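# Overview (structure and organization)
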Amino acid sequence: MRDIRVAVVGAGPAGIYASDILTSEHPGARVDLFDRLPAPYGLVRYGVAPDHPRIKEIIKALRRVLSRDEIRFIGNVHYGTDVTLADLRRHYDAVIFSTGARADRSLDIPGIDLPGNHGAADFVSWYDGHPDVPRTWPLDAEQVAVLGAGNVALDIARMLAKPADEQLSTEIPGNVYQGLSLNRATDVHVFARRGPAQIKFSPMEFRELSHSPSVDVVVHPEGFEIDEASQKAINSTKSVKLVVDTMMRYMDKEPTGAPHRIHIHLCQAPVAVLGADRVEGLRTERTELIGDGTVRGTGEFTDWPMQAVYRAVGYQSSHLADLPFDHHAGVVPHDAGRVLDADWMVVDATYVTGWVKRGPIGLIGHTKSDASETITSLLADLADLAALRPPEIADPDAILEHLSRNGIDYTTWAEWERLDAHEIALGVEQGRERVKVVPRDHMIRAGRD
């Protein structure tokens, strides 16, 4: 097969894995990996709680990929404004979109728009030092509700319950530490619609919930239902069994009198956020399992006094300029990674991978297999000379000249390495592994000093 140049839009795990697989399977492939941020790694850098350093070990593997000569990182470039699909098609044989899912999924219940309601993605971006979100966060609520039964809900509950000083061993920036030091939360309530065998906590993350000496984990027995379908899931799936076993240990454990508590409520579906001018409470309906892993309402309601509500019911992808989008499913329509238009016809030389392709589900293993499917389609198209034509502009540096002419202050891999070293040096000064730089202009400047 002939040599090709491919643009990948989105430098998180999905885009990096696609770049790795493509250049490994086709030695004649070269990849330019674009990201709207000056730094790579996507949600691994800006979507993982800072007190989970083991999860961030994946950065070491991603770094090895990005260090390869066949892959060029081009950061601080916003697709749709700084560069368009037409621009990319003129400069590349193919374009792969791996932009992930950054927005919060909506929850259509009364009162959800009251002040004091927050989306999980916004809060995660704040405590992870994302450059495009406000530097402050309101943390004046003593009783907080977290709606959702996945790992993001656990992260939010843990970040709200742990004292700020316990976060000083992590890479949190100064503004996040200062914000958390003013946090007034004493009780964080996590509400799950279903029972113990249906929640989506990872066993390790659920066990780590109690690792802080300042936090008691309280699992309320109401709603702890295990029906026949639940028992089947427990018997057949190791991760489900580990989560249920951990939950039972929490139920049996006596509270230590810690100053902060994380409460787990099962079979409680949120139906309304209460309050006049701001959040004053949450109303839930007790649910019951119906034998197939789903639940139905019982008509039994409870009002909980709350001063803040965090919605952790899932992420969703955003509509990308010049691409079709399925607004109901929240993904770009595709056939094995090939983008499909409104008439379900293949869009030439345009592909998707990751959450923008399959939705915000699955772990790293799913992301790798997802990227592999997309690259298989791309290489099959390359073998078909009529399906993938050479670009109009062959010079690999022409895209950089195009960006410069348009005043786009793009960043490079070498600049990221200098920023990376700068953050590590800041950490050394404070006895930490790293301190993250937050403002975008400071990130760019640190990469060039």
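Let us look at the structure shown here. (Residues numbered from 1 in each chain as written. Predicted model: local features only at pLDDT ≥ 70, side-chain atom pairs only at ≥ 80, totals over all residues. Heavy atoms only, no water.)

### Looking at unusual backbone geometry
For residues other than glycine, phi is negative in most cases, and the peptide bonds are mostly trans. Phi at Asp 322 is positive, roughly 70 degrees, even though this residue is not glycine. Looking at the element boundaries, Asp 322 is found in the loop between strand S15 (315-316) and strand S16 (334-335). For Trp 344, which is not glycine, the phi dihedral falls at a positive 60 degrees. Following the sequence through the fold, Trp 344 ends up in the loop between strand S17 (338-340) and strand S18 (346-352). (Helix = DSSP H or I, 4+ residues; strand = E, 2+ residues; numbered from the N terminus.)

### Overview of the sheet that holds strand S9 (residues 215-219)
Backbone-to-backbone hydrogen bonds join strands into a sheet, with any given pair of strands oriented parallel or antiparallel. Across the sheet, six strands lie side by side as S6-S14-S7-S8-S10-S9; this open sheet has parallel pairing. Edge positions in the open sheet fall to strand S6 (117-119) and S9, since each of these has one partner strand only. Geometrically, the sheet is characterised by an average inter-axis angle of 20 degrees between neighbouring strands, direction not taken into account. Alignment of strand S7 (residues 143-147) against strand S8 (residues 187-191), held across five bridges, turns out to be parallel. Along S8, the bridge assignment pairs Val 146 with Val 190. Its contacts with the sheet place helix H5 (residues 120-127) against S6 and strand S14 (308-311), and it is angled at close to 70 degrees to S6. (Pairing = 2+ DSSP bridges. Axes fitted to C-alpha atoms, helices over the stretch in contact; angles between N-to-C directions. Contact = heavy atoms within 4.5 Å.)

### Some details on empty space enclosed by the protein
To locate leftover empty space, one rolls a probe as large as a water molecule over the atoms. One pass over the structure, following the stated rule, counts one cavity of 30 Å³ or more. Its volume calculated, the largest cavity comes out at about 40 Å³. Lining the largest cavity are Pro 38, Thr 411, Glu 415, Trp 416, Leu 419, Met 443, Ile 444 and Gly 447. The set of elements that each furnish at least two residues to the lining of the largest cavity consists of helix H14 (413-429) and helix H15 (440-448). Of the residues that constitute the lining of the largest cavity, the class distribution is five nonpolar, two polar and one charged. (1 Å grid on protein atoms, 1.4 Å probe; cavity = no way out; pocket = protein on both sides within 12 Å on 5 of 7 lines; lining within 4 Å. Points joined across faces, edges and corners; volume = space filled by probe spheres on them. Nonpolar A, V, L, I, M, F, W, Y, C, P; charged D, E, K, R; others polar.)

### Concerning the sheet that holds strand S13 (residues 295-305)
Judged by pairing direction, the sheet is antiparallel, and its three strands sit side by side in the order S11-S12-S13 without closing on themselves. Each edge of the sheet is formed by a strand with only one pairing partner; in this case those strands are strand S11 (268-274) and S13. Between one strand axis and the next, the sheet turns by 25 degrees as a mean value, whatever way the strands run. Summarising the sheet, S11 and strand S12 (residues 281-289) pair through six bridges and their orientation is antiparallel. Note that in S12 the partner of Leu 274 across the bridge is Gly 281.

### Focus: the layout of surface pockets
Its volume calculated, the second largest pocket comes out at about 540 Å³. In this structure, the second largest pocket is lined by 18 residues; those nearest its centre are Lys 56, Ile 59, Glu 171, Glu 433 and Arg 434. When contributions to the lining of the second largest pocket are tallied by element, the ones reaching two or more residues are helix H3 (58-66) and H14.

### Here we look at the pattern of salt bridges
Here the structure, examined in full by the defined rule, presents 32 salt bridges. For Asp 187, the salt bridge identified is with Arg 261, shortest N-O distance 2.7 Å. One end of the pair, Asp 187, is in strand S8; the other, Arg 261, is in strand S10 (residues 260-265), and 74 residues separate them in sequence. Between Asp 381 and Arg 338 there is a salt bridge, and its shortest N-O distance comes to 3.1 Å. Here Arg 338 lies in strand S17 and Asp 381 lies in helix H12 (residues 364-383), a separation of 43 residues in the sequence. Look at Asp 381 and you get buried, because its relative accessible area is 12%. (Salt bridge = Lys/Arg side-chain N within 4 Å of Asp/Glu carboxyl O. Buried < 20%, exposed > 50% of the residue type's maximum accessible area, 1.4 Å probe, protein only.)

### Description of the pairing of S12
When you tally the buried positions in S12, you get seven out of nine residues, the bulk of the element. The loop that links S11 with its antiparallel partner S12 comprises six residues; one of these, Gly 275, has a positive phi angle of about 145 degrees. Strand direction decides the pairing type here: S12 and S13, joined by eight bridges, are antiparallel. Opposite Arg 283, over in S13, you have Asp 303 as the bridge partner. Adjacent in sequence and paired antiparallel, S12 and S13 are bridged by five residues, among which Gly 291 carries a positive phi angle near 100 degrees.

### Focus on the pairing of strand S1 (residues 4-9)
It is a general feature of regular strands that their side chains alternate between the two faces of the sheet. S1 sits mainly inside the fold: six of its six residues count as buried. By the bridge criterion, six bridges tie S1 to strand S2 (residues 29-34) in an arrangement that is parallel. Across the sheet, residue Ile 4 finds its bridge partner in S2, namely Ala 29. Read as a crossover between parallel neighbours, the route from S1 over helix H1 (residues 13-25) to S2 is right-handed. (Right-handed = clockwise from strand over helix to strand, strands pointing away.)

### Some thoughts on the packing of aromatic side chains
Tallying each qualifying case throughout the model produces 13 aromatic pairs. Centre to centre, the rings of Tyr 41 and Trp 416 are 5.8 Å apart; their planes meet at 85 degrees, and the pair counts as edge-to-face. Separated by 375 residues along the polypeptide, Tyr 41 in the loop between S2 and helix H2 (43-46) and Trp 416 in helix H14 bring together distant segments of the chain. A relative accessible area of 1% places Tyr 41 in the buried class. Their ring planes at 70 degrees and their centres at 5.0 Å tell us that Tyr 79 and Phe 97 sit as a pair that is edge-to-face. Of the two residues, Tyr 79 sits in the loop between strand S3 (71-75) and helix H4 (85-91) while Phe 97 sits in strand S4 (residues 94-97), which places them 18 residues apart along the sequence. Residue classification places Phe 97 among the buried residues on the basis of a relative accessible area of 0%. Among the aromatic residues, those joined into a ring-pair cluster are Phe 123, Trp 126, Tyr 127, Trp 137 and Tyr 310. (Phe/Tyr/Trp six-rings, centres within 6.5 Å; stacked < 30°, edge-to-face > 60°.)

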